[in-house]
Amino acid sequence: MSAESWDPVPEGPQGSPLGSGGHSENSGSGQCPPPPMATPWSLPRWRAYVAAAVLCYTNLLNYMNWFIIAGVLLDVQKFFQISDSHAGLLQTVFIGCLLLSAPVFGYLGDRHSRKATLSFGILLWSGAGLSSSFISPQYSWLFFLSRGVVGTGTASYSTIAPTILGDLFVKDQRTRVLAIFYIFIPVGSGLGYVLGSAVKELTGNWRWALRIMPCLEAVALVLLIVLVPDPPRGASEKQGESAVGGLRSSWSEDVRYLGRNRSFVWSTLGVTALAFVTGALGFWAPKFLFEARVVHGLQLPCFRQPCNSEDSLIFGALTVVTGIIGVILGAEASRRYKKVNLRAEPLVCASSLLAAAPCLYLALILAPTTLLASYVFLALGELLLSCNWAVVADILLSVVVPRCRGTAEALQITVGHILGDAGSPYLTGLVRPDLQRPAGQAARLLPAALPQPSAELSVLCLCHRPGGRLLPDGCAAPGERPGSSATAWNRDPRWQGRGLQGRGEAKPAFWH
């Protein structure tokens, strides 16, 4: 998110500033046409805050769905007998379907009832999640497909819900409400790990986590229908809703306008870099922590279900706490700094992203030496990444005219996921077997002394710069397996006197 590209005033399609009411003073091909004025729309303040609370609750459930599988990943792998590369593909299928459907929901959200579209999305993802809990092991492909349908449903919410908040609140109020709304990205992600692992511990079956979520989502659907209004687009800017039969821009015109909006383009590239890192981190971190403890002799490897889920609980708690602090810190820093510098929002995003890179790198290289330091730097990295969520949303709502915001959210989601977290979990699982080979047979991507668990997150060494460029400098592959040291699994009597490649020998879960 380059500070040089920041323009505090939404640009028109030709790069001209928008006049009063947020509309371009010039007309031309490809612009979002200004809607005719209508009777001002108003809503009691308490109703707006109740609606915001319902949208925040649903956003919590939305992001719990993103990472509930990661919280029980070892059990899912053993149940369906899938390798690391295929396990990473679970999240790739989820994100891939989300990004393919996001433009469709963005188009619908700009032109039709947003409440109806959100209701359909909640029904879709909750139904798919519930049905996936009854799939038998021989139909693993059907489980992948169900995760894709869940991703399609969540696309509706991620695309449309922020635009409703943008039409209910304005200026500092909107910044604060968006900060609270986006707190539930890390909080929901963390609770996804916690719910998955806690329910598995209580029931002995990881699939019950997928059966509890639809009950919570049914409550959200009822609250959405009863309490959330569908305000006219641009209502908070007092632009009113276009009259029936009024001028509307086509989807291609909206896209051309957004492509010429430099602030939108650069912020989208920054979100893409953020998504790449958080996608790999969120999916593989629990398994990384589990294997780090195995290497230190603090944990036995997983031989059968249910696997130890303490690391999912720890990472979930870290994500919740650092997410709350980070989102509030980023939003408040942006709001206060904006009083003296109009480029405050992109500068806050750029500095927090740049500071997160060394923290995550140190979390990796310190894992073989001290787990405590690794946890500390992992938490700092998560906190700095979380500083961006509310700020980038406020940037989008500030630089894009109201009638194009649904399409803008959809395009940002699509680009961010295509080049970001759609591929990073899969790439991490894909390169992991190569990083487990002896040093002479694989490219050295991690320091030679770094233990095997760091292979899970080695892709995080492709850290980010403001503006979306990736730093290709990294680390190199480990030179030896953790089995060369006296680890807990090596002391297990089931392994003593047996070769790792012995015929009929069941390997620890992290070998697969």
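Our subject is the structure that appears above.
The text that follows walks through the structure, step by step, so that each part is easy to find. Every chain's residues receive numbers from 1 upward, in the order its sequence appears when written. Predicted model: local features are reported for residues with pLDDT of at least 70 only, side-chain atom pairs are reported and counted for 80 or more only, and whole-chain, interface and lining totals are derived from all residues. Side-chain measures here rest on the full set of heavy atoms in the structure, leaving out hydrogens and waters.

### Some points on the nonpolar core
Here is step 1 of the chain: Residues belong to one nonpolar core when they are buried, are Ala, Val, Leu, Ile, Met, Phe, Trp, Tyr or Cys, and are joined through side-chain atoms within 4.5 Å. Each residue is placed in one exposure class: buried if its accessible area under a 1.4 Å probe, protein chains only, is under 20% of its type's maximum, exposed if it is over 50%, and partly exposed if it falls in between. Counting 113 residues, the largest nonpolar core has Leu 55, Val 76, Phe 143 and Val 400 as the members making the most contacts within it.
Here is step 2 of the chain: Examining the composition of this core, we find that twelve residues originate from one element, helix α1 (residues 45–67), more than from any other.
Here is step 3 of the chain: We call two residues contacting when some pair of their heavy atoms lies within 4.5 Å. Once residues lying within four places of it in the same chain are set aside, the contact partners of Val 76 are Ile 69, Gln 81, Ile 82, Leu 90, Phe 143 and Trp 206. The way it works is that DSSP assigns letters per residue, a run of H or I at least four long becomes a helix, a run of E at least two long becomes a strand, and they are numbered from the N terminus.

### Overview of the side chain of Ser 374
Here is step 1 of the chain: Residue placement: Ser 374 occurs in helix α12 (residues 371–386).
Here is step 2 of the chain: Residue Ser 374 is classed as buried on the basis of its relative accessible area of 3%.

### Re the environment of Asp 421
Here is step 1 of the chain: Tracing the chain through its elements places Asp 421 in helix α14 (residues 405–421).
Here is step 2 of the chain: Discounting chain neighbours no more than four positions away, the residues touching Asp 421 are Trp 66, Ile 95, Ala 275, Phe 276, Gly 279 and Gly 416.

### Remarks on the packing of aromatic side chains
Here is step 1 of the chain: Any two of the Phe, Tyr and Trp rings considered here, Trp counted by its six-membered ring, make a pair once their centres fall within 6.5 Å; the pair's planes then place it as stacked at under 30 degrees, edge-to-face at over 60, or tilted in between. Counted under the stated rule, the structure contains 13 aromatic pairs.
Here is step 2 of the chain: Ring plane angle 90° and centroid distance 5.9 Å describe the contact between Phe 143 and Trp 206, whose orientation is recorded as edge-to-face. Linking Phe 143 in helix α5 (residues 140–168) with Trp 206 in the loop between α6 (171–203) and α7 (208–227), this pair joins segments that are 63 residues apart in sequence.
Here is step 3 of the chain: For Phe 143, a relative accessible area of 1% puts it in the buried group.
Here is step 4 of the chain: The rings of Phe 79, Phe 80, Phe 143 and Trp 206 are connected pair by pair, giving a single aromatic cluster.
Here is step 5 of the chain: Over the ring of Phe 134 we find Arg 211, and its NZ or CZ is 4.5 Å from the ring centre.
Here is step 6 of the chain: We call a charge positioned over a ring when the NZ of a Lys or the CZ of an Arg lies within 6 Å of the ring centre and within 35 degrees of the ring normal. Taking NZ or CZ as reference, Arg 211 lies 4.8 Å from the ring centre of Trp 208, over its face.

### Concerning helix α9 (residues 262–295)
Here is step 1 of the chain: With 34 residues, α9 ought to run about 50 Å at 1.5 Å a step, and its terminal C-alpha atoms sit 48 Å apart, in line with that.
Here is step 2 of the chain: Of all 34 residues in α9, 30 are buried; the element is thus mostly enclosed.
Here is step 3 of the chain: Within two residues after α9, Gly 297 carries a phi angle of roughly 80°, on the positive side. Each helix should span, by expectation, one fewer than its residue count multiplied by 1.5 Å.

### Focus: unusual backbone geometry
As a rule of thumb, non-glycine residues mostly have phi less than zero, and peptide bonds are mostly trans rather than cis.
Here is step 1 of the chain: With a phi angle near 55°, Gln 81 is a residue other than glycine that sits in the positive phi range.
Here is step 2 of the chain: The residue Gln 81 is located in the loop between α2 (73–80) and α3 (84–111) in this model.
Here is step 3 of the chain: Given the relative accessible area of 66%, Gln 81 is considered exposed.

### Describing the environment of Asn 261
Here is step 1 of the chain: With respect to the helices, strands and loops of the structure, Asn 261 is situated in the loop between α8 (251–259) and α9.
Here is step 2 of the chain: Of the residues examined, Asn 261 reaches a relative accessible area of 0% and is grouped as buried.
Here is step 3 of the chain: Along the backbone, Asn 261 and Val 399 are 138 residues apart, and their C-alpha atoms lie at a distance of 7.9 Å.
Here is step 4 of the chain: At 2.8 Å, the side chain of Asn 261 forms a polar contact with the backbone oxygen of Val 399. Polar contact criterion, stated in full: a pair of N or O atoms within 3.5 Å, where within protein one must be able to donate a hydrogen and the other to accept it, and residues adjacent in sequence count only if both atoms are side-chain atoms.

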